There are 4 protein chains.
Amino acid sequence: MASRIGTHFSVTIFGQSHSAGIGCVVEGIPAGKRIDLDELQAFLARRAPSGMPWSTSRKESDVPEFLGGLVDGVTCGAPLAAVIRNADARSSDYEALRRTPRPGHADYVAEVKFGGAQDVAGGGHFSGRLTAPLCIAGGIAKQLLAEQGVFVGAHLARAACVADAAWPLQGIGPEDVSAPGRKPFPVIDDACGAAMQDAIAAARAQGDSVGGVVECAAVGLPVGIGEPLFDGLENAVARAVFGIPAVKGVEFGRGFAAADMHGSQHNDPYRMDAGAPAFESNNAGGILGGISTGEPLIVRAAFKPTSSIFIEQHSVDLKDGRDVDLALEGRHDPCVAVRAVPVVEAACAVAVYDLMLEARLDR
Amino acid sequence: MASRIGTHFSVTIFGQSHSAGIGCVVEGIPAGKRIDLDELQAFLARRAPSGMPWSTSRKESDVPEFLGGLVDGVTCGAPLAAVIRNADARSSDYEALRRTPRPGHADYVAEVKFGGAQDVAGGGHFSGRLTAPLCIAGGIAKQLLAEQGVFVGAHLARAACVADAAWPLQGIGPEDVSAPGRKPFPVIDDACGAAMQDAIAAARAQGDSVGGVVECAAVGLPVGIGEPLFDGLENAVARAVFGIPAVKGVEFGRGFAAADMHGSQHNDPYRMDAGAPAFESNNAGGILGGISTGEPLIVRAAFKPTSSIFIEQHSVDLKDGRDVDLALEGRHDPCVAVRAVPVVEAACAVAVYDLMLEARLDR
Amino acid sequence: MASRIGTHFSVTIFGQSHSAGIGCVVEGIPAGKRIDLDELQAFLARRAPSGMPWSTSRKESDVPEFLGGLVDGVTCGAPLAAVIRNADARSSDYEALRRTPRPGHADYVAEVKFGGAQDVAGGGHFSGRLTAPLCIAGGIAKQLLAEQGVFVGAHLARAACVADAAWPLQGIGPEDVSAPGRKPFPVIDDACGAAMQDAIAAARAQGDSVGGVVECAAVGLPVGIGEPLFDGLENAVARAVFGIPAVKGVEFGRGFAAADMHGSQHNDPYRMDAGAPAFESNNAGGILGGISTGEPLIVRAAFKPTSSIFIEQHSVDLKDGRDVDLALEGRHDPCVAVRAVPVVEAACAVAVYDLMLEARLDR
Amino acid sequence: MASRIGTHFSVTIFGQSHSAGIGCVVEGIPAGKRIDLDELQAFLARRAPSGMPWSTSRKESDVPEFLGGLVDGVTCGAPLAAVIRNADARSSDYEALRRTPRPGHADYVAEVKFGGAQDVAGGGHFSGRLTAPLCIAGGIAKQLLAEQGVFVGAHLARAACVADAAWPLQGIGPEDVSAPGRKPFPVIDDACGAAMQDAIAAARAQGDSVGGVVECAAVGLPVGIGEPLFDGLENAVARAVFGIPAVKGVEFGRGFAAADMHGSQHNDPYRMDAGAPAFESNNAGGILGGISTGEPLIVRAAFKPTSSIFIEQHSVDLKDGRDVDLALEGRHDPCVAVRAVPVVEAACAVAVYDLMLEARLDR
């Protein structure tokens, strides 16, 4: 079916890990918007493998070529199309994936769903590589949002059971949300970050992997963005974020902790402030009835540990119908949540910007 | 915008709490399917206020009239339209909601978004009443799924900090998932249920409210349902479930707990079983790469505590621009998660059935 | 599948001729718009059977009840839902339609498509009755367009081979397009109208039927409405108009006559007029590249002769697999194009208003 | 907005005439389908300028590169993405188009709609070049349809007021519909074709252009494809065909001629034939109630004369606000309908195949 999200800022993602290229088509960007391509490239670079110990040593070039939609860096009203060339040669070694599914990956379910026709090399259309075009679209969405005073940023809130410092639910601004993304290791508190890196390294030394949580915030949202029922901010952001591989949970504001609170604690009361209504707290994470309140939108995504580990695992030979043991090789991130930080920003930005456009039709 | 979800089994919900009626239009149901209207009514009754201590004492009739799409209880290929009459008379008392927003509700954001034109009575289109038509569509989806061997059920996994017994991630079947829904209080373990009711009652006695978690499972899914990227099972189910008022978090399988696990623990290995590939565990909650694995689909929704409490709260008078104190009256559930159990089933069923139809186009 | 059209002003139609009711759900109407319900009723009345010789003598009540979306006649931002009760009792006489398909109707194709589950009474979901809810949505769209200075009207351009006077392609205004609709017989030139009525009556006396052409115009459109490729004004209007039963052709501007013209004749040159660019002609019918030019949008729809005639026709008995002769009874319009005039306006208005909303996202 | 059509076989077109490339993304193709790339290239070649007198002498290479969705020529279940490189260097000469709109083109309306940000070079996103990616998608759709026994073909039914021989409405098969496309000049009767070419040449010698009509047929359709109301075959095919530049009218079966017929003439009666129901005629053009009857689907598209002519025309200088005279240069087709023949096939195939997939969900 469609690998597409959004109605007004509509993003379609194509490509497989070892096809000629991966990319996106973004329809609906208003004409006349200047896109800062250097800023976009810097954003894409945050996602690319870095050679650092918490990352894979694979090389991936993420420099997109724009096939359409931009003229001298300005949107022209036609669909924006961007493609990133895949460098890796298609290898026949991947055929083993048809026979021996890797635990935690989609190999088996894709084999059944597509009857063996799926592209298995490098994970095909399920590959984490496909987060690169999502970041192209999301990076553009971030710029378009910033133009309207809305800033999206994220940090690695938790990794390998080590927690980062937290953002308060109120009072954070553009600088707060952007700061972690400027660091090599995207955290608020560098000491926490160092502890995380140690824990990740320890797992890596074992040939194992670890999970994490990415927290993302959008600040500066006006009041009134989002729709009731199925096109609210939670619905849209969750749908986008669950499109990132390895995400197993999404929560807003207090999230699952809200389930253990009393209404008298969780409700966000109102008081006048400088002549305008203001919230005394923001347990709602910036969203009521699916609609933005003007307070920071706070969302958290839970990432399972990287499925590709080097420890031997049980698998089966689908062709022969017998048990086999599988030991993977190659270069894999020990904690995908680290490089997923900009991807969560991208997903959030895509969803929010689509609803910002929608809101022009409210009255 | 659209209060609609789904591509093939497409559900549009209309109505406000005090409009003439609320209802849904469901497009795309294959023709020739018999709907058991008694079973549907029993499902709707699970959602309706029951007069029990954990529920509001409001009376709501949830008997739908089918305006189209069914002939003698069999789908005829035309859109199915159902409406439930709203009995409550429109009261002018609700005008106060325009001036004095209730904390935790959408009053304020709707006032800004719609410029005062929104229907405020009883919460308008944001009202929990709108979960009734979602249950009509979901109840039908449940029957259509059951016809194909897929059974959806849910239980109140947590309420007022008291936990129910848990479903194991593997080995549960139709009877397991259906059993809680047959009880007045929808839990697995009645002793836990009794403790929950006590805790809810305690909060109610304080004029306060509590939150909870609903866990829902779909068993009997074939392998291969769902699409990569943005139309996977997690995306679709999350989008539907976040359409239920008060939901602040959604997780699958191990959910947020997966973030604290190692890959060697979280991965679900394969072994042959009776000549077919089988999973040794189901930490993935039945979903890999957005696609069903055949194992139980397990999802959890976090419900914030009911926003309507009787304790005095800070609010503002939007017209006069000054602080006021607000004390609500009326009849409100002290824990919305209880009555939300069938609604979560409905949302899950709507999303899953849509993808079951989608899968007919795979090859 | 979906009986739905439009992205922003999204109209879903439900019901069958003999179901409890027929109606529509319209999502996306901006909040705060006042709908003149008397004007809407007058528009619906134009479509209803009138008892006049060119019309069926069936009685149809077209008074909608609004279930949601309006509060005191003002749109409230929630989906608008309207239903019209079907008065006719479901008759078992219609079962004959399952066995003996009426030539020109969808009886046979529906029997095959839906395997016999389709609602046959009165034509089911294929019935011309379903143009009533389209007129509810279209009547509302007309009012919303008029609020912005865009006026939609239509006349019976041709019936039973008799032509009405024509609108010039330029220089017509709101009064021109609205005038025919105020007459009992919707033509520009009443003498032509009288000749049409005679010709229709002659066919009716023979137990036969005739076809016609409805011409519709939208004046006052600003420049820039519509999108290139598949969401242009022609695409949207054609998709809507072909949703009216019996339409077999749609053309814009010079239409099929343009195929026989030279570029030097058909092109619409530019000249300055009162300091602004103006068109010297309007062969394009108000649309270039799918986008409005500001000139009158002119569209024509060809209606085949009513399929229900009283002359004996060849049919088959599907159950027994043998030839039979079919003689219909009942009350049928001898020329559906007459009562279709407001329906074409409705379809055009729905399509145009959706694109008017879309255009708010251009820059 | 979206340059996209289709729900199941969903085609998105991107690129501008002078952007780096033009292309399409096609989502929803079932996995495991082999695409004959040579056959596709031959189909694309039918559209490309040929250097013949009825065609422009511009050179266009239409060899697509597949970025995703195909593995060794077999669909893999991921979106198919194809791009054609644009060879022409972006020229600054096109800036004149911003100031001096060409009559019959979208220059002026695009300038207003996009505020000057639109890509003007070569017509930008409005260029006839964009029919190349439509032909990629349509060529693939044709092959997928042929695999199921449905064959789509077209001929130039009329050009410069000269008519080709006509297809009968019944009794045509795959060979009939494919034959014209194999000829350099796509007609049924070569003598008629020669007369057309003379008439086109005569206009060209005058620096003028002519219009035409393309007739397209789809044979071998099963009964039951298409939906009532807005997703019927007429709606879908018309929406696609009006996406081809220069189309001003679309009709099915008898089309506008049906408006002048009696019901007794136009209805298609039934008789048994070899034990199955059969149609005695096919005035309906293969469609009843939006649904295929099994008879040939016959559609006609009216093409206006090419807007680019060499005769001097009135225009304006938008910047200075004064009248100017415009004389175009360059290489332009004197009759776009000729090269549009395969494009109409492509549009028809895209629409029909989408509904063929839809029909899998009927029961």
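Residues numbered from 1 in each chain as written. Chains lettered and ligands numbered in written order. Predicted model: local features only at pLDDT ≥ 70, side-chain atom pairs only at ≥ 80, totals over all residues. Heavy atoms only, no water.

**Here we look at the relation of the copies chain A and chain D**
Least-squares fitting of chain A to chain D yields an RMSD of 0.0 Å, with the superposition described by an axial translation of 0.0 Å and a rotation of 180 degrees. The operation mapping one copy onto its partner corresponds to a two-fold rotation axis. Of every C-alpha in chain A, the one belonging to A:Val25 sits nearest the axis of rotation, 4.0 Å from it. When the interface residues of chain A are mapped onto chain D, 100% of them again lie at the interface, so the same face is used by both copies. (Least-squares fit on C-alpha atoms with pLDDT ≥ 70 in both. Contact = heavy atoms within 4.5 Å.)

**Let's talk about the UniProt feature "binding site: NADP(+)" (unreviewed entry) in chain A**
All names here are of chain A. Taken from the UniProt record, the annotation "binding site: NADP(+)" (unreviewed entry) applies to Arg47. Mapping Arg47 onto the fold places it in helix α1 (residues 37-47). A relative accessible area of 3% means that Arg47 is categorised as buried. (UniProt positions renumbered as here; feature names shortened; annotations may be inferred. Helix = DSSP H or I, 4+ residues; strand = E, 2+ residues; numbered from the N terminus. Buried < 20%, exposed > 50% of the residue type's maximum accessible area, 1.4 Å probe, protein only.)

**Here we look at the packing of helix α1 (residues 37-47) of chain B against helix α9 (residues 336-358) of chain B**
If you want to describe how two helices pack, look at the angle between their axes and the distance between the axes. Residue and element names in this part refer to chain B. The contact between α1 and α9 brings their axes to 6 Å, and the two run at 130 degrees. By the angle between their axes, α1 is oblique relative to α9. Along its contact with α1, which presents Phe43, Arg46 and Arg47, the element α9 presents Arg339, Val341, Pro342, Val343, Glu345 and Ala346. (Axes fitted to C-alpha atoms, helices over the stretch in contact; angles between N-to-C directions. Parallel < 35°, antiparallel > 145°, perpendicular 65-115°, else oblique.)

**Digging into the packing of aromatic side chains**
With the rule as written, the count across this model stands at 22 aromatic pairs over all chains. Ring pairing ties together the aromatic residues A:Tyr108, B:Tyr270 and B:Phe279, which thus form one cluster. (Phe/Tyr/Trp six-rings, centres within 6.5 Å; stacked < 30°, edge-to-face > 60°.)

**Observations concerning the UniProt feature "binding site: FMN" (unreviewed entry) in chain A**
Residues and elements named next belong to chain A. If you check UniProt for "binding site: FMN" (unreviewed entry), the listed places come out as His125, Phe126, Ser127, Gly289, Lys304, Pro305, Thr306, Ser307, Ser308 and Arg331 in our numbering. A stretch of 207 residues holds the annotated residues, and the largest C-alpha distance among them is 43.9 Å, long enough that they do not meet in one place. Of note, Gly289 is situated in the loop between β14 (287-288) and β15 (291-292). Exposure remark for Ser308: the relative accessible area of 6% places this residue in the buried category. Beyond its immediate sequence surroundings of up to four residues, Ser308 is in contact with Arg102, His105, Leu328 and His332. For Ser308, the side chain forms a polar contact with the side chain of His105, separated by 2.8 Å. (Polar contact = N/O pair within 3.5 Å; in protein donor to acceptor, adjacent residues only side chain to side chain.)

**Some details on the interface of chain A and chain D**
Contacts between the two partners involve 39 residues from chain A, matched on the other side by 39 residues from chain D. Together, A:Phe14, A:Glu27 and A:Leu67 form the three largest contributors to the area buried by chain A at its contact with chain D, with a combined 20%. A salt bridge links D:Arg4 to A:Glu27, with the shortest nitrogen-to-oxygen separation between them at 3.0 Å. Where chain A touches chain D, the interface holds 16 residue pairs in polar contact (both at pLDDT 80 or more). Contributions of two or more residues to the side of chain A that touches chain D are made by β2 (10-14), β3 (21-27), β4 (65-68), β5 (70-71) and β7 (80-85) of chain A. Counted by class, the side of chain A that touches chain D contains 18 nonpolar, 15 polar and six charged residues. (Buried area = accessible area lost by both parts, 1.4 Å probe. Salt bridge = Lys/Arg side-chain N within 4 Å of Asp/Glu carboxyl O. Nonpolar A, V, L, I, M, F, W, Y, C, P; charged D, E, K, R; others polar.)

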